[in-house]
Each structure stands twice: as C-alpha cells, then as structure tokens.
Amino acid sequence: MKCFASETLTATVVIGFFVDMVLVPAHLLVAAVLCFKHLEEMLFHIRAATIDHAQPALEACRKHHEAFMNLYPQCAKPKLHYLWHSLLSWIALGVQINCMGAEAEHKAPKRIMHFSYKNCYGTAMAYYLRSCLQGLQD
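In short, a report on the structure.

### Side note on the environment of R47
Residue position: R47 is located in helix α2 (residues 30-48). Separated by ten residues in the primary sequence, R47 and A57 have C-alpha atoms spaced 9.8 Å apart. Aside from chain neighbours lying at most four places away, what touches R47 is L9 and V13.

### Some remarks on the packing of helix α1 (residues 5-26) against α2
For the pair α1 and α2, the least separation of the axes is 10 Å and the interaxial angle reads 140°. Here α1 and α2 pass one another in a crossing that is left-handed. In contact with L9, T12, V13, I15, G16, V19, D20, L23 and V24 of α1, α2 contributes V33, F36, K37, L39, E40, L43 and R47. Of the residues assigned to the contact of α1 with α2, the class counts are ten nonpolar, two polar and four charged.

### Considerations on the nonpolar core
Counting residues in each nonpolar core, the largest one holds 16 residues, and the members touching the most others are M42, I46, L87 and W90. Sorting the residues of this core by element identifies α1, α2, α3 (54-71) and α4 (78-93) as the ones contributing at least two each. It is α2 that provides the largest number of residues to this core, a total of six residues. When residues no more than four places from it in sequence are discounted, the contact partners of W90 are H45, I46, A49, T50, I51, H53, A54, A57, V95 and Q96.

### A word on the packing of α2 against α3
Closest axis-to-axis distance for the α2/α3 pair is 8 Å, and the angle between their directions is 155°. On the basis of the axis angle, α2 is roughly antiparallel to α3. Both α2 and α3 take part in a crossing whose hand is left-handed. On α3, the residues that touch A31, A32, C35, H38, L39, E41, M42, H45 and I46 of α2 are P56, A57, A60, C61, K63, H64, A67, F68 and L71. Grouping the constituent residues of the contact of α2 with α3 by class yields 13 nonpolar, three polar and two charged.

### Points about α1
Compared with an ideal rise of 1.5 Å per residue, which puts 22 residues at 32 Å, α1 spans 30 Å between its outermost C-alpha atoms and is within 8% of the ideal. Along α1, the sharpest kink reaches roughly 40°, centred on V19. Within α1, burial applies to L9, A11, T12, G16, V19 and L23. Once α1 finishes, H27 follows within two positions and takes phi at roughly 55°, a positive value.

### Description of unusual backbone geometry
In this model, H27 sits at a positive phi of 55°, which is unusual for a non-glycine residue. Position of H27 relative to the elements: it lies in the loop between α1 and α2. Positive phi, close to 45°, is recorded for L29, a residue that is not glycine. Along the chain, L29 turns up in the loop between α1 and α2.

### Looking at the environment of H45
One can find H45 in helix α2. The buried category is assigned to H45, whose relative accessible area is 10%. With 13 residues separating them along the chain, H45 and L58 place their C-alpha atoms 9.0 Å apart. Residues in contact with H45, not counting those within four places in the same chain, are H53, P56, A57 and W90.

The rules we used
Residues numbered from 1 in each chain as written. Predicted model: local features only at pLDDT ≥ 70, side-chain atom pairs only at ≥ 80, totals over all residues. Heavy atoms only, no water. Helix = DSSP H or I, 4+ residues; strand = E, 2+ residues; numbered from the N terminus. Contact = heavy atoms within 4.5 Å. Axes fitted to C-alpha atoms, helices over the stretch in contact; angles between N-to-C directions. Left-handed = near helix turned anticlockwise from the far one by under 90°. Nonpolar A, V, L, I, M, F, W, Y, C, P; charged D, E, K, R; others polar. Core = buried A, V, L, I, M, F, W, Y, C linked by side-chain atoms within 4.5 Å. Buried < 20%, exposed > 50% of the residue type's maximum accessible area, 1.4 Å probe, protein only. Parallel < 35°, antiparallel > 145°, perpendicular 65-115°, else oblique. Expected span 1.5 Å × (residues − 1). Bend = angle between axes of the 7 residues up to and from the residue.

In structure tokens, the structure reads:
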C-alpha cells in the first residue's frame, strides 16, 4: 500500500474492522492478526501524541517489529528501524515529531502532478509556489 502517513492511519482503522469482524472470529491468520494488533496498538499511542503514550508505543513497536520479522523476514526495510528511532526521540525529547503537517501540504502538488502531462514536477512546483505567493499577498 502506498499512501501518506495520515491515510495509513485511517486505512489501519478500516482494515482493523475487517480483522475484528472476519479474521478474529474465524481464527484465521492468527500470527498475522497478532502482528496487526500490535500495529494497531502502536498507532493508537502515536495518535494520542502525549508523552504518557511514548513508552507504550515503543513497547508495541517492539512487539510489532518482532512479529513482522517472523512473518516477513524478506521485508526488513529501513522504515521499521526509523520508526524505532522516532519513538526513542519522542521519549528523549518529550515531544512527538511527525510528518503529518508536511504531508498535508504535499498533497496539493501531488494531485496536480497526476493531471499534468509535460514537465509535471515543474508544473506542480509552479502551481504550489503561486498558491504560496497568493497566500502571502492575501
């Protein structure tokens, strides 16, 4: 699945409904469901965004990482490792640093790129720059 972080949070909630309504009652994909449940717990704590949730998020991250690596050892990607360091930084600094705001700003140029045909990157940046300058003028 390829999407923005905020969309991933929403997708996880929706997939969680399916997991709870279909897979859990039927006792299907038990190891995968357990891995997903750790992910859900971790994202719950990340969404809460208070320092009280940092340590539980780290513990859920550890459990999810172990379960994920047991299920999909060939998929060890840096994002899992980066998440671990992000959570450690949250604990050390006492404040959660995330990319949700930046990604929200990035969505408008991405949408323009899908409709652009020649030099889509230049077109998207020109559009974005125009909207920023218009905001300054306003």
